[in-house]
Amino acid sequence: MGEPTVLELTSDEALVLFEFLSRFSENDTLAIEDQAEERVLWKLLGLLEERLAEPFDPEWAAIISAARNRLRGEI
């Protein structure tokens, strides 16, 4: 499935992200309830943009499709 990607968050960011994801897990709704949730999501996006080259590849559609298939177990 590829190499691990390490992203670092502060403990406060981790707590806010945990709460956000827990709410989604409980009711299948992604809704930002506090500006801090939006900020931690922006930080995650920035961290991923710094570490990933694939989103900027001309073959992005095929790359993301293959990744989704692998994660679903549809190798």
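For the structure given in this document, a descriptive report is provided here. (Residues numbered from 1 in each chain as written. Predicted model: local features only at pLDDT ≥ 70, side-chain atom pairs only at ≥ 80, totals over all residues. Heavy atoms only, no water.)

1. Quick look at the pattern of salt bridges
Which entries qualify depends on this criterion: What makes a salt bridge here is a side-chain nitrogen of Lys or Arg within 4 Å of a carboxyl oxygen of Asp or Glu, nothing more. Helix and strand assignments follow DSSP, with helices taken as H or I runs no shorter than four residues and strands as E runs no shorter than two, numbered in order from the N terminus. Exposure categories follow from relative accessible area, calculated using a 1.4 Å probe and restricted to protein chains: below 20% of the type maximum is buried, above 50% is exposed, and the middle band is partly exposed.
Scanning all chains against the criterion turns up five salt bridges. For Glu13, the salt bridge identified is with Lys43, shortest N-O distance 2.9 Å. Of this pair, Glu13 sits in helix 1 (residues 11-27) while Lys43 sits in helix 2 (residues 35-51), and the two are 30 residues apart along the sequence. For Glu50, the salt bridge is made with Arg51, and the minimal N-O distance between the two is 3.3 Å. A relative accessible area of 40% places Arg51 in the partly exposed class. Connected through shared salt-bridge partners, Glu19, Arg23, Glu33 and Glu37 make up one network.

2. Quick look at the environment of Trp42
Structurally, Trp42 is set in helix 2. Through-space distance from the C-alpha of Trp42 to that of Ala14 is 13 Å; in sequence the pair is 28 residues apart.

3. What to know about the packing of helix 1 against helix 2
Quick reminder of the rule: To define axes, lines are fitted to C-alpha atoms, for helices over the stretch in contact only, and angles between the resulting N-to-C directions are given on a 0 to 180 degree scale. When describing relative orientation, an angle under 35 degrees is termed roughly parallel and one over 145 degrees roughly antiparallel, while 65 to 115 degrees is termed roughly perpendicular and anything else oblique. Contact definition: two residues touch when any of their heavy atoms are within 4.5 Å. Residues are grouped as follows: nonpolar covers Ala, Val, Leu, Ile, Met, Phe, Trp, Tyr, Cys and Pro; charged covers Asp, Glu, Lys and Arg; every other residue, Gly included, is treated as polar.
For the pair helix 1 and helix 2, the least separation of the axes is 9 Å and the interaxial angle reads 105 degrees. For the element pair helix 1 / helix 2, the angle class is roughly perpendicular. Facing helix 1, whose interface residues are Glu13, Val16, Leu17, Phe20 and Arg23, helix 2 presents Ala36, Glu37, Val40, Leu41, Lys43 and Leu44. Grouping the constituent residues of the contact of helix 1 with helix 2 by class yields seven nonpolar, no polar and four charged.

4. Examining helix 3 (residues 60-71)
Put simply, the test is: Here the expected span of a helix is defined as 1.5 Å times the quantity of residues minus one.
Between its first and last C-alpha atoms helix 3 spans 16 Å; for 12 residues at 1.5 Å apiece the expected length is 16 Å, and the two agree. With its phi angle positive at about 85 degrees, Gly73 sits one or two positions after the end of helix 3.

5. What about the side chain of Arg23?
Note the cut-off: Polar contacts here mean pairs of N or O atoms no more than 3.5 Å apart (in protein, one a potential hydrogen donor and the other a potential acceptor; neighbouring residues in sequence count only if both atoms are side-chain atoms).
Mapping Arg23 onto the fold places it in helix 1. Here Arg23 falls in the buried class, since its relative accessible area comes to 12%. Looking at Arg23, its side chain comes within polar contact range of the main-chain oxygen of Ala31, at 2.9 Å. Setting aside anything within four residues of it in sequence, one finds Arg23 in contact with Asp28, Ala31, Ile32, Glu33 and Glu37.

This is a description of form; function is not addressed.
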